[in-house]
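Examining the three-dimensional arrangement
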Amino acid sequence: MRIEKESGRSRGASVLWKTRVSRVRAALAGCGIAGLLSLSVASATAANEALPDAGIGVVDLSVTEIVSHLEAGSTSSEYLVTAYLDRIEAYDDELKSIITLSPTALDQARELDRERAAGNVRGPLHGVPIVLKDNLATFDMPTSAGNSTMSTFQTNEDSSIVAALRDAGAIILAKTNMSEFAYMSGSSLAPTSVNPYNGGAPSGSSYGSAVAVAASLAPAGLGTDTNGSLHAPAGVQGLVTMRPSWGLMAGDGVVPLYAFQDVVGPMTTTVADTALLLEVMSNPDPNRPNNQDIVGADTSGYLDALDDTALEGTVVGVPGDPNTFTPHFREAIETLEAEGATIRQIEDPLQIWHDSPRLPHPAEVHATFFLDIQRFFATTPATIEPEKSAFAMPTDVFDIRDIKADPNWSRVVTDPAWTDTPLEPGLSPEYQQKVDNIVLNRAVFDEAMDEAGIDVDVVAYDAVTAGGSDASIGGGSITRAPYNRLGLATIGVPTGTDDTASRPSGIKFAATERFAEKDLLGYAYDFEQASQARYAPPNYPELELPEFVPTPEPEPEPEPVPEPEPEPEPVPEPEPEPEPVPEPEPEPDSGASEDDQARDKGDSVNTGGAVADETAASAGLWLGVLGAALIAASAGGVTFLRRRRG
């Protein structure tokens, strides 16, 4: 990244995005307020009903509930942002989930309230606060990727996904804590976040967003996933999350780990919220490598997929030994059967894939990080403090060489697999082969499933094994290959907590083909509505609520009163011009002086009062001359007539 002097603005919405906003807005309008509330886990409880002296409670308040309250006028964006900021101030010193607060969040909220009062709603997230993992670029806050050297790294533009959120009316409330470059166990910028259920590890690497949403510091957040960075923290924080099919989301403006595998996904408290955010964010790009199969795929209509009868007649494959299932997973299977699903014991597709030709081990792809992040710096206009770019040559360029040379950063530089890599951006033959293997292994996976006789609609996994809380999955891990590397979608839903409410558990649904998000949302929504298992952490209760003051509707501007037309001023009639007086013929020289002759001709030779005297004296002379002229003219005329008659 070459150092630049000025930052830019968020990129505007594309025609495709405007079409998508219109479709979502129409879908929500069709649901109405009651319909939106029915999409959430439950109607607003006593904790978040509108109160006469304050406003709604925000603990476990879902995005769809917020939208309904905003539409009904029972809350405002300013109220919500204030309430969440109060909770951040009260609880986040302990939780350590927030890296940067937006300096303009309250101003944005007030402006969006005024727009709503005036009848201007930007989109389906108008006035909804959201937090972002700090590897998603924003034009108005730094993007650190959990790295101390990048603490002032400020991109000129939002990433496409962030721009889509803003275009839909969302308020970016804060940037959240994360593992360094979405890989290391901690961050060189901030202490690791704390699990709000038990004070323990929050898993990684999108742990900041997971902790913030679980503790109701925000109603929803975004994370990224390479090898489980969405499912792992969401699982141990009792959240809904979806890792979308690779290529469903735009990848620009996201600090990469492995670009061929990275995806952005939502972290929410309800399946309906996940569907709504997915609808807003999805922006498939067929030009991304190995993403041509997205052409013609059905990549919209996620809100329509929310069906509480979706599991009826569905065949759910359950791998692993039932004797190893946790009590919560056994209960989840009973719920699936009660909703009409057929449970089929299957061989674990994860193991099938591991026994087949596959991608290299993760350690073999570490080197791609340097290629990807160098390309990110080279193609992402941004600013940073000049001293940060001075760690390595050239000093007017900031990139991974400066990060490696910073003495405050020591994690990645100790790993030869990361450091012994060419730094020039571009696709090496080895890297290209890894990317090409994604398509190859999709075919291998399909063949292995067919050979094993696995014919199911969806695969279900226990989110937590009986022996731990690391979001590992019985017989393997859904947070790792093959689903992630094959680009297949997965969704996780809470199944409850243990008796002490300190260890959340969940169920994960994994697709068996690409772009099956709508099917997964239907299954997850049906299960969620039947189980009602989400449970907020008890140690972070509702605070005293701020006063809710409804935004006044703007007074209509008075119609302008037309000013009376001014009456036309009378035009004075022009004075008649005097008829020209013919000059008298000169008389024979009478020997008068030059002054006398001048007076006879009416010429003024003096100024002031003398002119008036001489003018009065010559008036009589002028009459005499005029009379003589008339007599002469008359005499001439008589002579003329006489001649005619003669």
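To keep things clear, this report deals only with the structure shown in the data block.

The rules behind these values
- Residues numbered from 1 in each chain as written.
- Predicted model: local features only at pLDDT ≥ 70, side-chain atom pairs only at ≥ 80, totals over all residues.
- Heavy atoms only, no water.
- Helix = DSSP H or I, 4+ residues; strand = E, 2+ residues; numbered from the N terminus.
- Buried < 20%, exposed > 50% of the residue type's maximum accessible area, 1.4 Å probe, protein only.
- Contact = heavy atoms within 4.5 Å.
- Areas by Shrake-Rupley, 256 points an atom, 1.4 Å probe, with all protein chains shown as cover.
- Polar contact = N/O pair within 3.5 Å; in protein donor to acceptor, adjacent residues only side chain to side chain.
- Core = buried A, V, L, I, M, F, W, Y, C linked by side-chain atoms within 4.5 Å.
- 1 Å grid on protein atoms, 1.4 Å probe; cavity = no way out; pocket = protein on both sides within 12 Å on 5 of 7 lines; lining within 4 Å.
- Points joined across faces, edges and corners; volume = space filled by probe spheres on them.
- Nonpolar A, V, L, I, M, F, W, Y, C, P; charged D, E, K, R; others polar.
- Phe/Tyr/Trp six-rings, centres within 6.5 Å; stacked < 30°, edge-to-face > 60°.
- Pairing = 2+ DSSP bridges.
- Patch = residues over 30% accessible without salt bridge, like charges linked within 9 Å, V, L, I, M, F, W, Y side chains within 5 Å.
- Salt bridge = Lys/Arg side-chain N within 4 Å of Asp/Glu carboxyl O.
- Lys, Arg positive; Asp, Glu negative; His and termini not counted.
- Charge placed at Lys NZ, Arg CZ, Asp CG, Glu CD.

Helices and strands together make up the secondary structure of the protein, namely 18 helices and 13 strands. Across the 646 residues in the protein, those meeting the buried criterion constitute 52%. For the protein, restricting intrachain contacts to residue pairs at least 6 apart in sequence, the fraction spanning at least 24 positions comes to 78%. Within the structure as shown, the protein displays about 29200 Å² of accessible surface, and the carbon and sulfur contribution to it stands at 52%.

Tracing the sequence through the fold places H231 in helix α7 (residues 231-236). A distance of 3.3 Å separates a polar atom in the side chain of H231 from a polar atom in the side chain of K508.

With that settled, consider the nonpolar core. Core analysis: the largest hydrophobic core is formed by 88 residues, its most contacted members being L80, L125, L165, I507, F509, L520 and L521. Residue contacts for L80: discarding those within four places in its chain leaves I56, V58, L61, I66, L70, T75 and P129. By size, the runner-up hydrophobic cluster in this structure holds 19 residues, among which are F153, L257, F369 and F377.

Before going further, it helps to examine empty space enclosed by the protein. One pass over the full model with this rule turns up three cavities of 30 Å³ or more. Put simply, the largest cavity is a space of about 50 Å³. What lines the largest cavity is simply V58, A83, D86, R87, E542, L543, E544, L545 and P546. By residue class, the composition of the lining of the largest cavity is five nonpolar, no polar and four charged.

In this structure the tally under the stated criterion is 12 aromatic pairs. Both rings, one in F377 and one in F398, keep their centres 5.5 Å apart while their planes meet at 80°; by these two values the pair is edge-to-face. One end of the pair, F377, is in helix α11 (residues 368-379); the other, F398, is in the loop between β10 (382-383) and α12 (400-405), with 21 residues separating them in the sequence. Taking the relative accessible area as the measure of exposure, F398 reaches 0% and is therefore buried. Consider the rings of Y461 and Y483, whose centres lie 6.1 Å apart with planes at 75°: the pair is edge-to-face. Taken together, the positions of Y461 in strand β11 (residues 458-462) and Y483 in helix α15 (residues 483-486) put the pair 22 residues apart, joining distant regions of the chain. Look at Y461 and you get buried, because its relative accessible area is 2%. Judged by its relative accessible area of 0%, Y483 falls in the buried class. Ring-pair connections join several aromatic residues into one group, and the members of that group are F153, F376, F377 and F398.

Attention shifts here to the pairing of strand β4 (residues 171-176). Of all six residues making up β4, six are buried, and the element is well covered by its neighbours. Relative to β4, strand β1 (residues 98-101) is paired through three bridges, and the arrangement is antiparallel. Looking at the pairing, I98 lines up with T176 of β4. As defined by bridge partners, strand β2 (residues 129-133) adjoins β4 across five bridges and the pair is classed as parallel. Bridging across to β4, V131 finds its partner in A174.

Between G204 and the following residue, S205, the backbone shows a cis peptide bond with an omega angle of -5°. Examined against the element boundaries, S205 turns out to sit in the loop between β4 and α6 (207-214). Cis peptide bonds are those with omega within 30 degrees of zero, and the linkage from M393 to P394 qualifies with -10°. Along the chain, P394 turns up in the loop between β10 and α12. Although it is not a glycine, A145 sits at a positive phi angle of roughly 55°. Along the chain, A145 falls in the loop between β2 and β3 (154-155). For A145, a relative accessible area of 0% translates into the label buried. One non-glycine residue, F181, lies in positive phi territory at about 55°. Note on F181: relative accessible area 2%, which makes it buried.

Together, D446, E447, D450, E451, D455, D457, E513 and D519 make up a negatively charged patch on the protein surface. Ranked by residue count, the leading element in the negative patch is helix α14 (residues 429-451), at four residues. By the secondary structure assignment, D450 is in helix α14. Judged by its relative accessible area of 62%, D450 falls in the exposed class.

Position of D399 relative to the elements: it lies in the loop between β10 and α12. A distance of 3.3 Å separates polar atoms of two side chains, one belonging to D399 and the other to Q374.

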